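Examining the three-dimensional arrangement
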Amino acid sequence: MASTSTSMRTSTLETLGLGTPLEAFRNGRLPVDTASLVDQVFGPANDRGSMVISGANGIVGAGKMMQFASRLQPYGVTIVGLDMPNAPDGIGHKYPGLVASFGPEAAARIMGGIVQLKYDGKTLPPALAGFTPRFLLEAIPEILEIKRAHYATFRAAFPGIEIRSVTSGFPSRELGVGVAHPAFPHEINKVFEIVEDTPSAITQLLWSMGLIPMEVGDHWSFILDVLFCGVALAALRYHETTNTPYWKIDKYVRKYFGPNPLRAHDAIGAKGANFLTWSCLHHLSKEYGPLFEPTADLTERKETGQTWYPPNHFRPLVDWALTSDDESEFQVAIAGPLIQMTALMIHERRSHLAHMNAIGEICAQFRSGLPAMIRSLGADKARSLVAAYHKQEPTAAASAWHADALDRLNEPEWQQLYVNAEHDGHIGVVTISRESYNGDVDAELNRAIDWLGAAKIDAVILSGDFHLATQLVGADTSEFYPALDDVKAGQSLSERWTSTARRLHTDFKTSVGVITGKRCLGGMLELMSHCHFVVATNGTQLGLPEVTLPVVPGMEGCHWNFRKARKADWPKLLTMLLSGKSVRAEETVGWLVDATGSMDESLATAWAIASGTSGIARRAFDQGALEGLPEPTGLPAAEGPSLEAGRKAILDCARASCGAPLADALSIQAKHSAEFMKTAACRKGRVGSEFIKTMAI
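Since we're looking at a predicted model, the values are computed, not measured. (Residues numbered from 1 in each chain as written. Predicted model: local features only at pLDDT ≥ 70, side-chain atom pairs only at ≥ 80, totals over all residues. Heavy atoms only, no water.)

1. Focus on empty space enclosed by the protein
For the record, the criterion: Residues are said to line a cavity or pocket when one of their atoms sits within 4 Å of a point; the points come from a 1 Å grid over protein atoms alone, cavities being sets where a 1.4 Å probe fits but cannot get out and pockets being open sets with protein on both sides within 12 Å along at least five of seven lines. Grid points are joined across faces, edges and corners, and a volume is the space filled by probe spheres set on the points. In the scheme used here, Gly and all other residues not listed as nonpolar or charged are polar, with Ala, Val, Leu, Ile, Met, Phe, Trp, Tyr, Cys and Pro taken as nonpolar and Asp, Glu, Lys and Arg as charged.
Applying the stated criterion to the full structure yields two cavities of 30 Å³ or more. There is about 60 Å³ of room inside the largest cavity. Residue lining of the largest cavity: Arg9, Ser11, Thr12, Pro21, Tyr418, Asn420, Thr431, Ser433 and Asp465, and that is the complete set. Tallied by class, the residues present in the lining of the largest cavity amount to two nonpolar, five polar and two charged. Taken as a whole, the second largest cavity holds about 50 Å³ of empty space. Taken together, His505, Ser529, His530, Cys531, His532, Trp560, Lys564, Arg618, Arg619 and Phe621 make up the full set of residues lining the second largest cavity. Considered class by class, the residues forming the lining of the second largest cavity number three nonpolar, four polar and three charged.

And the structure:
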C-alpha cells in the first residue's frame, strides 16, 4: 500500500526499504520479521545454510561471532569461524563476556552453534561445504589484493553466496562486494555502515535482530573512519605544531568535542588501530589531498605498533592548563578540519544527515554529532573556523573544501537530526532517534509539535524511531554541567524542557506515548508520561534512576504521575523515585502505563487509541493540590550519604510539587531540581564526577 503521509523529512527507516513509523503504527506490525528474513538469507528450516565469518579470531571477527551467534542461534543458523591455524583464540576470549551477558546455560547454547575451522588462507577446508555457506562476512586484513582473492575463492566454491566486507576503508567498487562496516567495540556496538545498491534482505535482517544498519555512500573510508581518523589526525597535527603531550591533547579533545582519539587507539589495540587509521588517511589523501595526509609520527607508529600512552601511564605530577589564547587555537586546530571533512561528506551526500550525525555520536563518541555541532555554530561561524584552520595548515585550503555544502543548513534534513514527524491528515507520529534527551532534541521536538499544529493534527503518537534509538535512557547529563555552579541555569533548563513535555498534554486532543526497546528511563520516561496515554511493550524496563546519580527529576517526575494514578498506587511511584530501580512495563499497568503487549499489539493499540477506536479509558488527571502523599516504606538502607541526600531531596520535591496546584508545580519542581545540583552530594555523585573528569582540566 502506497504511503499517504506527509513528513518533515525522510524517515531513516525508509533508507532501509522499511517504510515509515506511521505505516508501522497504521498496519499494527513492524515491516519485516526475523524468521522470514532468516529463511530468505539462509534458506528454509529443512535446508538451513550457515554464516561464515573469515578472520574470526581477530578483534572484529570475534566480536561479530558473538553478536551474530547470540541472535541467530534460536533460528538454527550455524556460525562458522574461519581463520589461520596460528591465529590467537580471539573467540575463546569472548566467552566470559557471553556468560556475563546471557548466563552460563544460554552462553553454552550460543557456543554450541559456533564451529571453528582452520585454513591456509588460500584453499578452503573441505569440511566447510558440509555447512552450506550462504553468507560470508569477511574480516581479514586490510590488503585489497588478498581480499579480492578471498572472494574469488568463496565464489568458486559456493556460487551465489552473499558476501559483505567489514573493511574500514575500501569502497565496494574496489572490493567487488558489498560492505557492512561495524563500529567498535565489536561485540557491543550495534552500528553497521552498509554499502549496497539497494537495501538487501541481509541489511533488513540486521535491523530485525536489533542491530543498527545505516545505508551510506560508496566512498573511501565511509563516515565513521573519516570522523574517527580525522579527529585523531587533527590531534596529531596539533602535537606536531606545539609538542603538547598526547595525553594532554586527548583531555582537551574530550573537553570540547567528546572523544579521546589517541587513547581509543590504544584501547582497540595500537598495532592494528594505528595501521587502520594510517591506511584510511593514506587512501583519503590520495583521493582528496593534504587535508587527510598522515603525520610522520602516525606513519612511524603504524610500523612499530607503539602505543600513544606509555605503559602504566600516570599524569605528570606537575600539570598545566592551556591559556585562553591557546585554547582558542586548539579549538580551531580540531574543529576546523572536522568541519571541512564533514562538509566534504555532505557535499558528496554520503548518507542521510541523521545517519552521519548518529555515527559521530554513537560510534566516534562525539558529544554532539558533527552536523549538530555545525548547526549550533551556524554556517558563518563554521566557515570562519575553517578559514582560521587554513592559516594554521595552508595546504588544506585547496583540499576538498566545499563551503557551499553549509548552505544546506536550513533544510529540514539538517534541522531535524533527532526528531521527525509525519501525519496522514488526521494522526501524527513523532519519533525520537537520540537515546538521551538534550537541548537539540528539545528544540526539534518543539518544531515537530509546531509543524503538526500548523497542519491541525489533534492526535499524536510519540515513540522512538525504531532504528537509531534502540532504547531511551534519560537526559544527557552533560547538559547539567552549567547547573552545577548556577542555580538559574538549572532552573531554566528544567522549566524549558518541562514546558516542552507539557505540550504533549495541552496541544493535542489525544496523545499516546509508545515505549519499545530495552528500557525507558529518567527524563525520557517523564517525557512519555506527559502523553494522555502510555503504551509499552512487554519486558521493557521503566525507571527513574535519578536518585542514584544523585539528581532530582527535573521534568515533573516527582508529581506528574501521581496526578494520573489512584492514591492506592502512590506508594509504587514513590518507591520508583526513591529506590531508582526499574520495573517491567507489564507490572505498571494502571499506575504508570495504560496498556502493554507484544510489539505488534502495542503498535495496534496505540493506533486504535489515537484514532478513537480503542476501549481503553483515559485516566483522570488531578490538576489540584494532592493530599496524603505517603511516607516511604520498604526501602533498603541508603548506601552512602549521597543516596541518602538524594532520597531526601526527591521526597521534599515530591511533597512540595504534589502539594501545589498544577499551575505552580512546574516552577516548584524546577527550583528543587536546580538547588540540589549545587549541593555537595550532587557534585560528589556521578554527574559532578563526570564534570570534573571531562571539563575541569
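2. Describing the pairing of strand 2 (residues 50–54)
Along a regular strand, successive side chains alternate from one face of the sheet to the other. To be explicit about the condition: Burial classes follow relative accessibility: with a 1.4 Å probe on protein chains only, a residue under 20% of its type's maximum area counts as buried, one over 50% as exposed, and anything between as partly exposed. Note on conventions: DSSP H or I runs of at least 4 residues are helices, E runs of at least 2 residues are strands, and numbering of each starts at the N terminus. A pair of strands counts as paired when DSSP detects no fewer than two bridges linking them. When the strands point away from the viewer and the path from the first strand over the helix to the second turns clockwise, the crossover is right-handed.
Here strand 2 lies mainly inside the structure; five of its five residues are buried. The alternating pattern of strand 2 places Ser50, Val52 and Ser54 on one face and Met51 and Ile53 on the opposite face, and all of these are buried. The sheet contact formed by strand 2 and strand 5 (residues 133–138) spans five bridges and is parallel. For Val52, the partnering residue across the bridge sits in strand 5 and is Leu136. Judged from the four bridges that link them, strand 2 and strand 3 (residues 79–83) form a sheet pairing that is parallel. Looking across to strand 3, one finds that Val52 is bridged to Val80. Each parallel crossover has a hand, and for strand 2 linked through helix 3 (residues 59–72) to strand 3 it is right-handed.

3. Here's the deal with the packing of aromatic side chains
To keep it simple, the criterion reads: Within 6.5 Å between ring centres, the rings of Phe, Tyr and Trp (the latter by its six-membered ring) count as paired, and their orientation is classed by plane angle as stacked under 30 degrees, edge-to-face over 60, tilted in between. For a lysine, the NZ atom is tested; for an arginine, the CZ atom; a charge sits over a ring if that atom is within 6 Å of the ring centre and within 35 degrees of the ring normal.
Tallied over the full model, the rule gives 13 aromatic pairs. Ring geometry for Phe68 against Phe192: centres 6.0 Å apart, planes inclined by 65°, an arrangement best described as edge-to-face. Of the two residues, Phe68 sits in helix 3 while Phe192 sits in strand 8 (residues 191–195), which places them 124 residues apart along the sequence. A single burial state applies to Phe68 and to Phe192, both of which are buried. Both rings, one in Tyr288 and one in Phe292, keep their centres 5.9 Å apart while their planes meet at 50°; by these two values the pair is tilted. The two residues Tyr288 and Phe292 agree in class, both being buried. We note Arg263 situated over the ring of Tyr309; from NZ or CZ to the ring centre the distance is 5.8 Å.

4. With respect to the sheet that holds strand 15 (residues 510–515)
The strands making up a sheet associate through backbone hydrogen bonding, with each pair oriented either parallel or antiparallel. One open sheet accounts for seven strands, arranged 1-10-11-13-15-17-20; its pairing is mixed. Two strands bound the open sheet, and with one partner strand each, they are strand 1 (6–7) and strand 20 (595–597). Sheet topology note: the strand 10 (residues 419–423)/strand 11 (residues 427–432) ladder contains five bridges and is antiparallel. Opposite Ala421, over in strand 11, you have Val430 as the bridge partner.

5. Some remarks on the domain arrangement of the chain
What counts, and what does not: Throughout the structure description, domain borders are defined by an automatic or database domain assignment. Here a residue-residue contact requires only that any non-hydrogen atoms of the pair lie within 4.5 Å. Here the quantity called buried area is the accessible surface, traced with a 1.4 Å probe, that two parts lose on coming together, added over both. Just to be clear on terms, a salt bridge is a Lys or Arg side-chain nitrogen sitting within 4 Å of an Asp or Glu carboxyl oxygen.
When its domains are assigned, the chain resolves into domain 1 (33–215), domain 2 (223–412) and domain 3 (418–694). In this structure, domain 2 and domain 3 have C-alpha centres spaced 36 Å apart. The interface is formed by 14 residues belonging to domain 2 together with 11 residues belonging to domain 3. In terms of surface lost to domain 3, no three residues of domain 2 exceed Arg254, Arg367 and Arg375, which account for 49% of the buried area on that side. At the boundary of domain 2 and domain 3, one finds four salt bridges. One salt bridge in this structure joins Arg254 and Glu690, with 3.3 Å as the shortest N-O distance.

6. Things to note about the sheet that holds strand 4 (residues 114–118)
Convention followed: With axes taken as lines fitted to C-alpha atoms, and helix axes fitted only over the stretch in contact, angles between N-to-C directions fall between 0 and 180 degrees.
If you trace the eight strands from one edge of the open sheet to the other, you get 4-3-2-5-6-7-8-9, paired in mixed fashion. Each edge of the open sheet is held by one strand with a lone partner, namely strand 4 and strand 9 (212–215). Strand-to-strand twist of the sheet, defined as the mean angle between neighbouring strand axes without regard to direction, takes the value 25°.

7. Regarding the pairing of strand 6 (residues 162–165)
Examined bridge by bridge, strand 5 and strand 6 share four bridges and lie parallel to one another. Paired with Phe135 across the strands is Glu162, a residue of strand 6. Between the parallel pair strand 5 and strand 6, the chain is carried across by helix 6 (residues 144–157), and the sense of this crossover is right-handed.

8. Here's the deal with the packing of helix 23 (residues 570–579) against helix 25 (residues 641–658)
Using the following cut-off: Working definition: roughly parallel below 35 degrees, roughly antiparallel above 145 degrees, roughly perpendicular at 65 to 115 degrees, and oblique for all remaining angles.
Running from amino to carboxyl end, helix 23 crosses helix 25 at an angle of 140°, the nearest separation of the two axes being 9 Å. It follows that helix 23 is oblique to helix 25 by the angle criterion. Mapping the contact onto sequence places Leu574, Leu577 and Leu578 in helix 23 and Arg647, Ile650 and Leu651 in helix 25.

9. Some points on the packing of helix 3 against helix 4 (residues 90–102)
Each pair of packed helices can be described by the angle between their axes along with the distance between the axes. Which entries qualify depends on this criterion: Whether a crossing is left-handed or right-handed is set by the direction in which the near helix is turned from the far one by less than a right angle, anticlockwise for left-handed and clockwise for right-handed.
Running from N to C, helix 3 and helix 4 point in directions that differ by 40°, and their axes come no closer than 9 Å. Comparing the axis directions of helix 3 and helix 4 gives the class oblique. Here helix 3 and helix 4 pass one another in a crossing that is right-handed. Contacts between helix 3 and helix 4 pair Ala62, Gly63, Met65, Met66 and Ser70 from the former with Gly90, Ile91, Lys94, Leu98 and Phe102 from the latter. For the contact of helix 3 with helix 4, the residue count by class is six nonpolar, three polar and one charged.

10. Side note on helix 16 (residues 370–377)
Among the eight residues that make up helix 16, six are buried, leaving the element largely enclosed by the rest of the structure. Taken together, the buried positions of helix 16 are Leu370, Pro371, Ala372, Met373, Ile374 and Arg375. Looking at the buried residues of helix 16, the elements they touch are helix 9 (224–242), helix 14 (324–347), helix 15 (353–363), helix 17 (379–392), helix 18 (412–415) and helix 19 (439–454).

11. Notes on the pattern of salt bridges
In total, this model carries 32 salt bridges according to the counting rule given. One salt bridge in this structure joins Arg173 and Asp218, with 3.8 Å as the shortest N-O distance. Residue Arg173 is located in helix 7 (residues 172–175), and its partner Asp218 is located in the loop between strand 9 and helix 9; the two are separated by 45 residues in the primary sequence. Accessibility expressed as a relative area gives 25% for Asp218, which makes it partly exposed. Residue Lys255 is joined to Glu327 by a salt bridge in which the shortest nitrogen-to-oxygen separation is 3.7 Å.

12. A closer look at unusual backbone geometry
The omega angle of the peptide bond from Phe184 to Pro185 is -5°, so this bond is cis rather than trans. The residue Pro185 is located in the loop between strand 7 (178–182) and strand 8 in this model. Following Leu549, the chain continues to Pro550 via a peptide bond in cis, the omega torsion being -15°. Counting through the fold element by element, Pro550 comes out in the loop between strand 18 (541–543) and helix 22 (560–564). Here the phi dihedral of Thr132 falls at roughly 45°; this positive angle occurs in a residue that is not glycine. One non-glycine residue, Gln365, lies in the positive phi region at around 70°. With respect to the helices and strands, the residue Gln365 is situated in the loop between helix 15 and helix 16.

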